[in-house]
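Now for the letters of each chain:
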Amino acid sequence: MDNSYIIAIDFGTAYSGYAFSLTKREAETEPRLKYWGQQVSLRTPKTPTCILFDEHGKFLSFGYEAQSACFRTRGDEARKKFFFECFKMSLYGKVINSDVTIEAANGRSMKALKVFTEALRYLKEDALKCISENAGGKQFIASDFTWVVTVPAIWDPSAKQFMREAATQAGIVTTGKEDRLVIALEPEAASVWCKKLPADGYKTENNSRVTFEQASGTQYIVVDCGGGTIDITVHEVLEGGALKELHKASGNDFGGQTVDNKFKEFLREIFSDSLWDEYEKEHPGELQKMMYDISVLKENDDDVEISCPYNLGEMAKEKQKMEKFFESLRGVSWNQGAIKISKEKVRSFFAESLNGITKSLREILKKGFTIKYILLLGGYAQSLILRQHITNQFGDQCKVLCPSHPQEAIMKGAVMFGRNPALVASRISAFTYGVSLSHRFDASKHRADKRYTNKEGEWCDAIFCVLVKENEEVGWDKTSEHSFTPVERDQTAVTFAFYRTERKIQGLMYVDEWGVEKIGSIILESPDTARGMNREIKLQIKFGATEMTATAIDVDSGSTVKIDLDFMAKSIKSFRNNVWQK
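These figures come from a predicted structure and were not determined experimentally.

In this structure, what is going on with unusual backbone geometry? I would like to understand it.
Most peptide bonds take the trans form, and the phi angle of most residues other than glycine is negative. Even without being glycine, Cys-86 reaches a positive phi, approximately 50°. With respect to the helices, strands and loops of the structure, Cys-86 is situated in the loop between β7 (82-85) and β8 (101-103). Positive phi, close to 50°, is recorded for Gln-336, a residue that is not glycine. Summarising the element assignment, Gln-336 is placed in the loop between β17 (332-335) and β18 (338-341).

Please clarify how the pairing of strand β27 (residues 493-501) should be interpreted in this entry.
Look at any regular strand and the pattern is simple: side chains alternate between the two faces of the sheet. Counting buried residues along β27, 8 of its 9 residues qualify, which places the element largely inside the surrounding structure. Here strand β22 (residues 432-440) pairs with β27 via 4 bridges, running antiparallel. What sits directly across from Val-435, in β27, is Phe-498. Pairing of β27 with strand β28 (residues 516-525), which is carried by 9 bridges, proceeds in the antiparallel orientation. Bridged to Phe-496 within β28 is Ile-522.

Explain the domain arrangement of the protein to me, please; I cannot follow it from the model alone.
Many descriptions give the size of an interface as the accessible area lost when the pieces come together. Parsing the protein into structural domains produces domain 1 (6-189), domain 2 (256-347) and domain 3 (431-579). Taking only C-alpha atoms, the centre of domain 1 and the centre of domain 2 are 30 Å apart. Domain 1 puts 17 residues into the contact, and the matching count from domain 2 is 11 residues. One can count 0 salt bridges joining domain 1 with domain 2. Contributions of two or more residues to the side of domain 1 that touches domain 2 are made by α2 (64-72), α3 (75-80) and β7. Counting residues per element, the side of domain 1 that touches domain 2 draws most heavily on α2, at 4 residues. By residue class, the composition of the side of domain 1 that touches domain 2 is 10 nonpolar, 4 polar and 3 charged.

Looking at this model, I keep getting lost on the nonpolar core. Mind explaining?
When a protein is soluble and globular, its nonpolar side chains tend to lie buried together. In terms of nonpolar packing, the biggest core is built from 54 residues, with Phe-84, Trp-147 and Met-163 touching the most fellow members. Counting residues per element, this core draws most heavily on helix α4 (residues 112-134), which supplies 12 residues. Ignoring anything within four residues of it in the chain, the contact list for Met-163 reads Phe-11, Leu-91, Phe-116, Leu-120, Val-149, Val-151 and Trp-155. Ranked by size, the runner-up nonpolar core spans 53 residues in total, among them Tyr-279, Phe-349, Ile-364 and Ile-385.

Would you explain helix α7 (residues 256-271) in this entry?
The end-to-end C-alpha distance of α7 is 24 Å, a good match for the 22 Å that 16 residues give at a rise of 1.5 Å each. For α7, every residue scored as buried is listed here: Gly-256, Thr-258, Val-259, Asp-260, Phe-263, Phe-266, Leu-267, Ile-270 and Phe-271. Of the residues trailing α7, Ser-272 is marked for its positive phi of about 85°.

Please explain the sheet that holds β7 as it appears in this structure.
Backbone-to-backbone hydrogen bonds pair the strands of a sheet. The strands run either parallel or antiparallel. A sheet is described by the order of its strands in space; here 3 strands give the open sequence β6-β5-β7, paired in antiparallel fashion. Edge strands, defined here as strands with exactly one partner in the open sheet, are β6 (59-62) and β7. On average, adjacent strands in this sheet sit at an angle of 15° to one another, irrespective of strand direction. As judged from the 3 bridges shared by strand β5 (residues 50-53) and β6, these two strands associate in the antiparallel manner. Considered in β6, the bridge of Leu-52 is made with Ser-61.

What is the right way to read a negative patch on the surface from this model?
A contiguous patch of negative charge on the surface is contributed by Asp-302, Asp-303, Glu-305 and Glu-344. Considering the arrangement of structural elements, one finds Glu-305 in strand β16 (residues 304-307). Residue Glu-305 is classed as partly exposed on the basis of its relative accessible area, which comes to 40%.

Explain helix α10 (residues 310-319) here, please?
Given 3.6 residues per turn, any residue in an α-helix points the same way as the ones three and four places further on. Within α10 the residues assigned to the buried category are Asn-311, Leu-312, Gly-313, Met-315 and Ala-316. Next to the buried residues of α10 lie α7, α8 (273-282), α9 (284-297) and α11 (322-326).

I'm lost on the sheet that holds β18 in this one. Help?
Taken together, 3 strands build an open sheet; the order of strands is β16-β18-β17 and the sheet is antiparallel. The open sheet terminates on both sides in strands that have one partner only, identified here as β16 and β17. Sheet twist, expressed as the average angle between the axes of neighbouring strands with direction ignored, equals 25°. Sheet topology note: the β16/β18 ladder contains 4 bridges and is antiparallel.

Which parts of the structure should I look at to understand the side chain of Ser-16?
Among the secondary structure elements, Ser-16 is positioned in strand β2 (residues 15-21). A polar contact of 3.2 Å, which involves the side chain of Ser-16, links it to the backbone nitrogen of Gly-12. When neighbours within four sequence positions are excluded, Ser-16 is seen to be in contact with Asp-10, Phe-11, Trp-36, Lys-46, Thr-47, Thr-49, Phe-62 and Leu-123.

Parameters and conventions
- Residues numbered from 1 in each chain as written.
- Predicted model: local features only at pLDDT ≥ 70, side-chain atom pairs only at ≥ 80, totals over all residues.
- Heavy atoms only, no water.
- Helix = DSSP H or I, 4+ residues; strand = E, 2+ residues; numbered from the N terminus.
- Buried < 20%, exposed > 50% of the residue type's maximum accessible area, 1.4 Å probe, protein only.
- Pairing = 2+ DSSP bridges.
- Domains from an automatic or database assignment.
- Contact = heavy atoms within 4.5 Å.
- Salt bridge = Lys/Arg side-chain N within 4 Å of Asp/Glu carboxyl O.
- Nonpolar A, V, L, I, M, F, W, Y, C, P; charged D, E, K, R; others polar.
- Core = buried A, V, L, I, M, F, W, Y, C linked by side-chain atoms within 4.5 Å.
- Expected span 1.5 Å × (residues − 1).
- Axes fitted to C-alpha atoms, helices over the stretch in contact; angles between N-to-C directions.
- Patch = residues over 30% accessible without salt bridge, like charges linked within 9 Å, V, L, I, M, F, W, Y side chains within 5 Å.
- Areas by Shrake-Rupley, 256 points an atom, 1.4 Å probe, with all protein chains shown as cover.
- Lys, Arg positive; Asp, Glu negative; His and termini not counted.
- Charge placed at Lys NZ, Arg CZ, Asp CG, Glu CD.
- Polar contact = N/O pair within 3.5 Å; in protein donor to acceptor, adjacent residues only side chain to side chain.

Given below as structure tokens:
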């Protein structure tokens with residue numbers, strides 16, 4: 001199978017799209033894009049991340065098509081259908097399981113896994129159709145390709161696993177071919193793409209010609225400015241051109257949506273809570289159209305004029321003259337059917353987001369790295385106000401660059417990453433990860449409440465055994481190996497319970513202490529009990545890839561089980577540990 005056949009889906013909060021390659025040259029230097037929006041007289045590299053289901057939960061449409069259908073529907077018809085937009089944020093900052101639900105515009109809920117699965121299914125089928133049209137009608141199936149799905153680096157592992165599960169249910173990969181799906185971290189994919197850009201592939205705010213030099217040792221910050229999250233990573237260029245992560249992924253939820261919400265709050269302030277609540281309920285499609293227009297307008301640093309939607313105007317005029325709504329507010333006026341907001345007022349809508357980004361960047365810059373560049377990427381980086389602010393704040397410390405097409409960087413870089421994951425040679429562990437063990441009980445060291453007895457003697461339960469430390473550098477393909485033995489001579493299964501923490505490990509002994517979180521567990525069968533407690537159980541874990549995987553080996557029986565750590569367990573049961581290290 002040609003490993004140049006790659007499809008990368010950038011599933012963004014506000015906009016989604018995909019890039020693909022059919023040749024080695026495309027995969028390594030210039031992946032192709034699908035352009036969207038023909039039905040609404042646009043040509044964009046991504047389509048709005050919104051999806052429409054009928055009242056029975058049957059998928060209807062995605063992207064511009066779903067958005068247009070929502071704009072057209074009114075009243076009872078709109079309230080019956082399930083319309084979701086920017087739903088990716090439902091996975092941010094949470095431990096996710098397959099039963100999590102998200103709320104549609106009509107106030108009704110649906111399982112998040114179904115929403116994400118149907119969105120990915122649509123993108124899969126559209127990609128295969130688009131590629132067929134670009135290949136002279138040759139037909140392809142999903143298994144012909146390596147698929148890459150991008151996720152924020154700051155997401156919880158359970159959210160990354162959730163995306164893999166949704167992709168599997170969408171038919172992107174099948175059982176036994178899980179390695180044909182690669183999870184790529186968005187700022188990493190963007191960073192990989194930026195390394196391929198020519199010198200004139202960037203824009204700066206003072207129109208100076210600044211090139212992105214990539215000599216070995218060059219250190220830079222990538223800021224993926226998405227609709228929902230601000231995702232930040234720090235890279236150093238290694239000899240040979242691969243990248244090394246210098247600082248664990250960081251960021252916040254102050255993406256472009258934060259600005260959109262400030263616009264909406266201000267419109268509510270203009271028209272009053274009661275009128276706005278009624279408008280949201282009665283005319284959701286019209287409101288969606290207005291918010292889409294606002295999201296486009298915010299790219300410029302200028303006064304903004306928003307055409308007042310018909311029904312909002314009619315409802316307002318029933319209360320009082322339109323001009324009266326604007327009399328007591330500064331920075332806004334009524335201008336012949338349009339709401340005119342001053343440039344200064346618009347800038348104030350950015351303040352919370354810009355302050356959050358600035359704070360995150362300052363925390364990294366005081367760490368002592370030799371940062372030469374800040375690269376701004378993602379759809380929100382198209383905002384002139386954002387780019388000017390970051391340049392003003394940090395331009396005297398390093399060069400601030402933005403690719404000419406910041407929305408495309410993640411998709412194209414993800415194709416390159418899918419072909420060669422070694423492009424990111426190492427990462428920094430975001431947590432200290434460990435496994436729960438039993439030790440021989442020692443009254444001078446161990447808590448009395450952790451003591452238990454079996455036929456082999458007295459043991460101490462729930463010892464935190466460190467596998468990798470927070471901020472430790474881990475190679476992308478490096479395997480960490482640990483050796484254990486059973487705590488009973490006749491036990492036929494071994495259970496490993498995994499934990500993580502961000503606290504200092506000095507003085508940390510037990511997995512039930514403050515700041516320690518259980519993240520999953522695995523069970524390995526160990527049927528050959530002939531050597532009793534002298535059996536060796538090996539645990540091999542890859543921490544440096546974008547997803548953590550573990551391989552458990554029962555040395556005596558020769559059986560090997562590769563296990564994906566289950567971060568999505570609905571409830572992780574507590575049990576006594578049955579392994580120890582001599």
